[in-house]
Amino acid sequence: MSLPTSRINIRNKRATFDYELIERFSAGIQLAGTEIKSIRLGKASLVDSYCYFVKGELWLKGMRVSEYFYGTFNNHQPERERKLLLKKKELQKLERKTKESGLTIVPIKLFFNDRGFVKIEIALAKGKKQHDKRETLKMKDAGREMDRARKKF
């Protein structure tokens, strides 16, 4: 039994904790064979994945798409590198920003668009320092405490 495509929303929760997200982009992703079927079943993970440039093309490394259960010898490799599809101007902008200011590109979420294509949301990000991470945790805890206080009344 597969889930409706609109419900599939695979997130990289670690990205917002480790990085300060500056600018977001939506990119297509080049998939092979049975990968789309595994993604429809929600069998993908963005943990420890990142993007990098090779000869002006943007590649995604570290994304895991589990093998399709009913796949035969045509099954895909779970952790292969995948090419991201963006407009040329967006690619140039991202490459320029990553080279000159030391920013990095991290994937945030994997989702299906209205037409049923798999898209990946990537962000231009700056790494957080340890004290920034502690501040983020304090803000989350304070938010939870306020929510608990509101529920009591």
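Before reading on, note that the structure itself is shown above.
Conventions adopted
Residues numbered from 1 in each chain as written. Predicted model: local features only at pLDDT ≥ 70, side-chain atom pairs only at ≥ 80, totals over all residues. Heavy atoms only, no water. Helix = DSSP H or I, 4+ residues; strand = E, 2+ residues; numbered from the N terminus. Expected span 1.5 Å × (residues − 1). Buried < 20%, exposed > 50% of the residue type's maximum accessible area, 1.4 Å probe, protein only. Arc of directions from axis to C-beta. Polar contact = N/O pair within 3.5 Å; in protein donor to acceptor, adjacent residues only side chain to side chain. Contact = heavy atoms within 4.5 Å. Core = buried A, V, L, I, M, F, W, Y, C linked by side-chain atoms within 4.5 Å.

(A) Representation of helix α3 (residues 88–101). Between the first and last C-alpha of α3 there are 20 Å, a value that for 14 residues agrees with the 20 Å anticipated at 1.5 Å per step. Within α3, burial applies to Leu91, Leu94, Glu95 and Thr98. Burial along α3 is one-sided: seen end-on, the buried residues are contained in an arc of 95°. In α3, the exposed residues that point more than 90 degrees away from the buried face are Lys89 and Glu100. In the segment just after α3, Gly102 is the residue with positive phi, at about 70°.

(B) Structural context of the side chain of Thr98. Topologically, Thr98 is positioned in helix α3. At 2.9 Å, the side chain of Thr98 and the backbone oxygen of Glu95 are in polar contact. Contacts of Thr98, omitting those with residues within four sequence positions, involve Phe53, Leu103, Thr104, Ile105 and Leu124.

(C) Looking closely at the nonpolar core. Ranked by size, the top nonpolar core spans 26 residues in total, and within it Leu58, Leu84, Leu94, Leu110 and Ile122 carry the most contacts. Every element with two or more residues in this core is listed here: β2 (19–29), β4 (50–54), β5 (57–61), α3, β8 (104–112) and β9 (118–127). The element best represented in this core is β9, accounting for four residues. Here Leu84 is in contact with Ala27, Gly28, Ile29, Cys51, Leu58, Leu60, Ile120 and Ile122, once residues within four sequence places are set aside.

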